[in-house]
Amino acid sequence: MIHEELLGAVRAAVSVLGADPSRVVLEHPADLSHGDFSTNAALQIAKELKTSPRAAADLLVAEIIKVQPASVERIDIAGPGFINFYLTRDAFVHMTSDISAVGSAWGKNALLSGKKVMVEYSQPNPFKVFHIGHLMSTVVGESISRLVENAGATIHRANYQGDIGLHIAKAIWGIQKTGKDPHDVTALGESYVFGATAYEDDPEAKKEIDALNLKLYAKDPAYQLIYDAGRAASLAKFEELYKILGTKFDTYFFESAIAQTAIDTVRDALAKGIFEESDGAIVYKGEKVGLHTRVFISGKGAPMYEAKELALVKAKQDVFPYDLNITTIAVEQDQYFKVVEAALAEVWPELRGKYTHVAFGMMLLPTGKMASRKGTVITGESLIEGMRQEALKKMADRDLGDDKEKIADEVAVAAIKFSILKQGTGKNIIFDPAAALSFDGDSGPYLQYAYTRALSVLAKAKSEKIQASGAMAPVEPVVLERILYRFPEVVERATLENEPHLVTTFLVEIAGLFNSWYASEKIVDPIDPHSPYKVALTEAFATTMKNGLWLLGISTLDKM
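Fair warning: this is a prediction, and the values are worked out from it, not measured in the lab.

Visitor: Would you explain the sheet that holds strand β9 (residues 294-297) in this entry?
Guide: Strands in a sheet are paired, the pairing made by backbone hydrogen bonds, and the direction either parallel or antiparallel. Strand order in the open sheet formed by three strands is β7-β8-β9, and the pairing between neighbours is antiparallel. Unpaired on one side and paired on the other, β7 (276-278) and β9 mark the two borders of the sheet. Neighbour to neighbour, the strand axes of the sheet diverge by 50 degrees on average, direction disregarded. When β7 meets strand β8 (residues 281-284), the two strands line up antiparallel, connected through three bridges. In the sheet register, E277 faces β8, and the bridge partner there is I282. Of the strands in this sheet, β7, β8 and β9 are in contact with helix α10 (residues 255-271), which crosses β9 at around 115 degrees.

Next comes the structure, spelled out in structure tokens:
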């Protein structure tokens, strides 16, 4: 990439001058009149060279010119020593042609080549509804998985589900008290709310549910039929949602399979002095690493979530010996998970730094935060269906034939996914259905529509027998050309930071640039000698948009 070529030239120049090149970076000026790349390297090395930043810039430029990169037309020094680089016209022409030539490989990188990476996400619990938190985890986890895969890693998608524990006891107790059908997922959710409310409000109910919980761990046959029915119904419903969301897992891990391993792991670590006993419980004193104390085994001898996470670490390694594990968690679990990671680094020092997490924020509605215990939760299924119906209304006057239902499904999912991914992963979002379905900007459907518009241009060019060509480019590059080539840089940064929102921001920018260019230019024109190049640029835009949307898990559409 031009970025790497130019960065290498600047760092080489810094080295020749006897300064440290490790901190040198290239950026893109916010104002394109200041060039296509810029660096503040002169300001960084001026002290080392015992000169002014401006003088350091003069020395740097003199060295860079000696190996003038072919893609650079001119180099300017601005202000106290910022160095700005302007690319040649040919550089943009070649990049436009190269984008289409590499096709689906455009934007790929080798950051994780040869690495084995497990991404764990979604994590819904049987007997409870698939709520918006699970939806966010699924969307974020799938996008991170695609970024990892795009970076050359062998990817393994994992899903960890709580099919044992107090929430199951609450649901089964509720089923017994209300007589609801455990085969009905709606009834399961209602039974959980009933049991959870009783657990908080009725001391006698709490005693009964706690006792039932212990019996479930002991696999008491009296509850097995209800348990098996509810578990199967929940898992089947989750699979329906994964199909809609375009996610498929390689391995499913369940709490019930690792509960005993969790107890054994913690007790072994207790004997080694990693854990401590406290009031009958086994705890990890996180204060020794700047965190807080958490209970891993309760005073009653039951494994807590923390202990099960440790057992999960081992189970994952047995299934897929990873070089890196990334787990998506809700942001409110961030400190809890840091304690778990600190403990596992002591239990298995070889995994230190290989087991990490990405926290995502909450999706808020105008009524505020949702809580499944109170029954005010909005399910992932209901949100998708509601958006689907809104999409159908929005496209009611469009002639889409028999494809209207399918297109509505894809538009609805795109609207939800984009709304989740357009924020930094740790930030909360307020979901606005109308804005999410907008075809006019900053939305998933807007990006889909920009891609579809580009396809219609290419179809028209084909009918006019105008072939895309890098020849006869207009004298001046349009803004779209000066931004489009940055895509691989954006993808690399998104991968390194586990931040899909960097991709969404870039795609919104190029969609706006393409739409503005489309409105001001006649792209397909048999008598315009520049038309073949304009078609080539349209093709390059479509390729970039398609590859970018794939990284977000958003489908592209041939018509909308």
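Visitor: Would you explain a negative patch on the surface in this entry?
Guide: Taken together, the side chains of E200, D201, D202 and E204 define an acidic patch exposed on the protein surface. The residue E204 is located in helix α8 (residues 203-217) in this model. Overall, E204 belongs to the partly exposed group, its relative accessible area being 46%.

Visitor: Even after reading the chapter, I still don't get the layout of surface pockets, so can you show me in this structure?
Guide: Rolling a probe over the atoms, with the probe sized like a water molecule, indicates the empty space that remains. The space that makes up the second largest pocket amounts to roughly 520 Å³. Lining the second largest pocket are 16 residues, with H28, R486, E489, V490 and R493 sitting closest to its centre. Going through the elements one at a time, α1 (2-16), α18 (487-497) and α19 (501-520) are the ones with two or more residues in the lining of the second largest pocket. For the lining of the second largest pocket, the element with the highest residue contribution is α18, accounting for six residues.

Visitor: Help me understand the sheet that holds strand β3 (residues 82-87) in this model?
Guide: Taken in spatial order, the three strands of this open sheet run β1-β3-β2, and their pairing is antiparallel. Looking at the sheet topology across the chains shown, the edges are occupied by β1 (37-39) and β2 (72-78). Averaged over all pairs of adjacent strands, the angle between strand axes in this sheet comes to 20 degrees, irrespective of strand direction. Sheet topology places β1 next to β3; three bridges connect them, and they run antiparallel. What sits directly across from F37, in β3, is F85. The sheet strands contacting α1 are β1, β2 and β3, and the helix crosses β1 at an angle near 30 degrees.

Visitor: Quick question: what am I supposed to make of the packing of aromatic side chains here?
Guide: One pair of aromatic rings is described through two measures. These are the centre distance and the angle between the planes. For the structure shown, the criterion picks out 21 aromatic pairs. Considering the side-chain rings of F514 and F541, the 4.2 Å spacing of their centres and the 5 degrees angle between planes classify their relative orientation as stacked. Of this pair, F514 sits in helix α19 while F541 sits in helix α20 (residues 531-552), placing them 27 residues apart in sequence. Take F514: its relative accessible area is 0%, and that puts it in the buried class. One aromatic cluster is present, formed by Y121, F130, F238, Y242, F249 and Y252 through successive ring pairs. The residue whose ring lies beneath R74 is Y86, and the NZ or CZ to ring-centre distance is 3.7 Å. Positioned above the aromatic ring of F439 is the side chain of R398, whose terminal nitrogen or guanidinium carbon lies 4.8 Å from the ring centre.

Conventions we followed
Residues numbered from 1 in each chain as written. Predicted model: local features only at pLDDT ≥ 70, side-chain atom pairs only at ≥ 80, totals over all residues. Heavy atoms only, no water. Pairing = 2+ DSSP bridges. Helix = DSSP H or I, 4+ residues; strand = E, 2+ residues; numbered from the N terminus. Axes fitted to C-alpha atoms, helices over the stretch in contact; angles between N-to-C directions. Contact = heavy atoms within 4.5 Å. Patch = residues over 30% accessible without salt bridge, like charges linked within 9 Å, V, L, I, M, F, W, Y side chains within 5 Å. Areas by Shrake-Rupley, 256 points an atom, 1.4 Å probe, with all protein chains shown as cover. Salt bridge = Lys/Arg side-chain N within 4 Å of Asp/Glu carboxyl O. Lys, Arg positive; Asp, Glu negative; His and termini not counted. Charge placed at Lys NZ, Arg CZ, Asp CG, Glu CD. Buried < 20%, exposed > 50% of the residue type's maximum accessible area, 1.4 Å probe, protein only. 1 Å grid on protein atoms, 1.4 Å probe; cavity = no way out; pocket = protein on both sides within 12 Å on 5 of 7 lines; lining within 4 Å. Points joined across faces, edges and corners; volume = space filled by probe spheres on them. Phe/Tyr/Trp six-rings, centres within 6.5 Å; stacked < 30°, edge-to-face > 60°. Lys NZ or Arg CZ within 6 Å of the ring centre and 35° of its normal.

Read these as geometric descriptors, not functional statements.
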